[in-house]
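Analysis of the macromolecular model
The lines below spell out each chain.
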Amino acid sequence: MVHAMLAERNQFVPASEIRRIYNMILGRDDVIDLTVGIPDFDTPQHIKQAAKQAIDDGFTKYTHNAGFIDVRQVFADKLKRDNGIDADPVSEIMATAGGMGALVLANLVLVEPGDEVIYPDPGFVSHYAHVKLAEGKAIPLQLKKENGFGVTAEGVSKLVTDKTKMLVLNSPNNPTGGVISNEELKKIAELAIEKDFYILSDEAYEKFRYDNEKPLFIGSLPGMKERVVSLFSLSKSYAMTGWRIGICTGPSEVIGAMTKLQEHVIAMPTSISQKAAAAAVEGSQDCVKEMLDTFKERRDIMVKGLQQIEGVDLQPPGGAFYVFPDVSAFGMETFELVMRILNEVNVATVHGSAFGHFGEGFLRLCYAMSTESIEKALQRLDTFLPKLLRKSK
Ligand SMILES: Cc1ncc(COP(=O)(O)O)c(C=O)c1O
């Protein structure tokens, strides 16, 4: 019998802790699931219709590795209109398998063994995993509750060395909901020019912002064209998590290298999803507005409900569909707290340490769930957490 001889890099890439909790509750309908970030909305009808039409019209074959050129043209129009980014559909835009597809390819084409990549902590778990996969050195940038979990140029500058190859940004951020202010984005852009590093800007939650500031996108700022790779995902914006489609733009040599690599990994994202994505971004945006309004209502319910629970400390997040309350008052590791909550009142949350070392002391609760589930979860938490707090004192 041959023993599995897995390559060493497998050890450096962590398994998802979110999936660990999620897998524990699979098939249990007594549990209110606030774990994985899957919008509870169905994909809007006109997008599904475009996919059916694509099948009927025979768009069922391989496409260019960067995606259909007419779809890339539609993406170029979106990037200009929504994000202020001018990009050539032929050489500077590609379709990817969700935001994830862009993230992994960007790391693999840019990061050399030993290069340092600064990434947000707490942050989306794959940001760390991709740097490790590329054999880079992952340098955590602590996001702090005190400044709304935003990134500051000053915070980044303290971590920059002559080995810094790239900075990963994600605003609004998963898991904290924190956003980076326009003022800081401009300063970060200046720092990137001065210190000469790339920026990988994960815009997966671009559509879900609740603050009043009109967001700037770092890829649109002066001097950023040659050093920013921006990725946008249809998953969250249009409730299309299962369609696996995203948009990536950046310097032509980077997009060219990513396109070449994509050929060897998935060839291209599904032709049908590409056509559906074009319909999503060029069609009416009312569906996005409806989702945003609903998420805002749910965010307010979630924040108000949690703020009333003794021991839970939370400020309203500026975006995405997660809250990240400080639960350090309970005096236990957050994985244990998650298990206690799950076992006692059947509410599934995720421990902050699942999102990096600096996430310990916090919990992530996703509010892309029905309002009814959120209210029920809050009631359950309110019956349990105050008792637990008294016991732990
Ligand atoms: C910050 C962030 N980036 C990227 C992704 C990847 O999403 P997808 O590959 O579905 O676009 C996610 C998914 O949760 C995310 O939270």
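Residues numbered from 1 in each chain as written. Predicted model: local features only at pLDDT ≥ 70, side-chain atom pairs only at ≥ 80, totals over all residues.

Brief notes about the overall build of the protein
Heads up, the rule is: In DSSP terms, a helix is any run of H or I states spanning at least four residues, a strand is any run of E spanning at least two, and both are numbered starting from the N terminus. Note that the radius of gyration is over C-alpha atoms, with the globule rule given as 2.2 Å times the number of residues to the power 0.38. Burial is judged by counting the other C-beta atoms within 10 Å of a residue's own C-beta: 20 or more makes it buried, 12 or fewer makes it exposed, and any count in between marks it as partly exposed, with every C-beta position built from the backbone. Once C-beta atoms are placed from the backbone, any two residues with those atoms within 7 Å are in contact.
Scanning the protein from N- to C-terminus turns up 14 helices and twelve strands. For a compact globule of 393 residues, the expected C-alpha radius of gyration is about 21 Å, and the protein comes in at 21 Å, within 12% of that figure. For the protein, the spread of C-alpha atoms along the three principal axes comes to 60 × 60 × 50 Å. Across the 393 residues that make up the protein, the buried fraction comes to 49%. For the protein, restricting intrachain contacts to residue pairs at least 6 apart in sequence, the fraction spanning at least 24 positions comes to 75%.

Looking at the environment of alanine 87
Residue position: alanine 87 is located in the loop between α4 (69–83) and β2 (93–96). Considering only alpha carbons, one finds alanine 87 and proline 251, 164 residues apart in sequence, at a separation of 8.8 Å.

Considerations on the packing of helix α12 (residues 286–307) against helix α14 (residues 371–392)
So the rule is basically this: Structural elements are reduced to axes, namely lines fitted to C-alpha atoms, with helices fitted over the stretch in contact, and the angle between N-to-C directions of any two is expressed from 0 to 180 degrees. Each angle is binned into one of four classes, with values under 35 degrees roughly parallel, values over 145 roughly antiparallel, values of 65 to 115 roughly perpendicular, and all other values oblique. Polar here means any residue other than Ala, Val, Leu, Ile, Met, Phe, Trp, Tyr, Cys and Pro, which are nonpolar, and Asp, Glu, Lys and Arg, which are charged; Gly is therefore polar.
Relative to each other, α12 and α14 sit at 5 degrees, their axes nearing to 10 Å. Relative to α14, the element α12 is oriented roughly parallel. Residues Arg298, Ile301, Met302 and Gly305 of α12 touch α14, and the partners they reach there are Thr371, Ile374, Glu375 and Leu378. Here the residues of the contact of α12 with α14 are counted per class, giving four nonpolar, two polar and two charged.

Some thoughts on the site of the ligand
The test is simple: Using a C-beta atom placed from the backbone, a residue is scored as near a molecule or strand whenever that atom is within 6 Å of it.
Around the ligand, a shell composed of 13 residues is seen, among which Gly98, Gly99, Met100, Ser233 and Ser235 lie nearest. The leading source of residues in the shell around the ligand is helix α5 (residues 98–110), at three residues.

Concerning the sheet that holds strand β11 (residues 350–351)
Rules: Pairing between two strands is assigned when DSSP locates at least 2 bridges connecting them.
If you trace the three strands from one edge of the open sheet to the other, you get β9-β12-β11, paired in antiparallel fashion. A strand with exactly one partner marks an edge of an open sheet, and here the two such strands are β9 (322–323) and β11. Sheet analysis places β11 next to strand β12 (residues 363–366), joined by two bridges and oriented antiparallel. Each bridged residue has a counterpart across the sheet, and for histidine 351 the counterpart in β12 is leucine 363.

Structural notes on the nonpolar core
Quick note on the threshold: Under the definition applied here, buried Ala, Val, Leu, Ile, Met, Phe, Trp, Tyr and Cys residues are grouped into a nonpolar core through C-beta atoms within 7 Å. All domain edges in this entry derive from an automatic or database-based domain assignment.
One finds Ala106, Met166, Leu167, Ile199, Ile218 and Tyr367 to be the most contacted residues of the largest nonpolar core, which totals 117 residues. Counting residues per element, this core draws most heavily on α5, which supplies seven residues. Of the domains in this structure, domain 1 (9–43 + 286–388) and domain 2 (45–282) are the two that each give at least three residues to this core.

With respect to the domain arrangement of the protein
Segmentation of the protein into domains returns domain 1 (9–43 + 286–388) and domain 2 (45–282). Between the C-alpha centres of domain 1 and domain 2 there is a distance of 25 Å. Each partner contributes residues to the interface: domain 1 has 38 residues there, and domain 2 has 36 residues. Those elements that provide at least two residues to the side of domain 1 that touches domain 2 are α1 (9–12), α12 and β9.

Some remarks on the environment of phenylalanine 41
Locating phenylalanine 41 in the fold gives a position in the loop between β1 (32–33) and α3 (45–56). Given 15 C-beta atoms within 10 Å, phenylalanine 41 falls into the partly exposed group. With 220 residues separating them in the primary sequence, phenylalanine 41 and leucine 261 have C-alpha atoms 33 Å apart. Not counting residues up to four positions away in its chain, the partners in contact with phenylalanine 41 are Ala239 and Met291.

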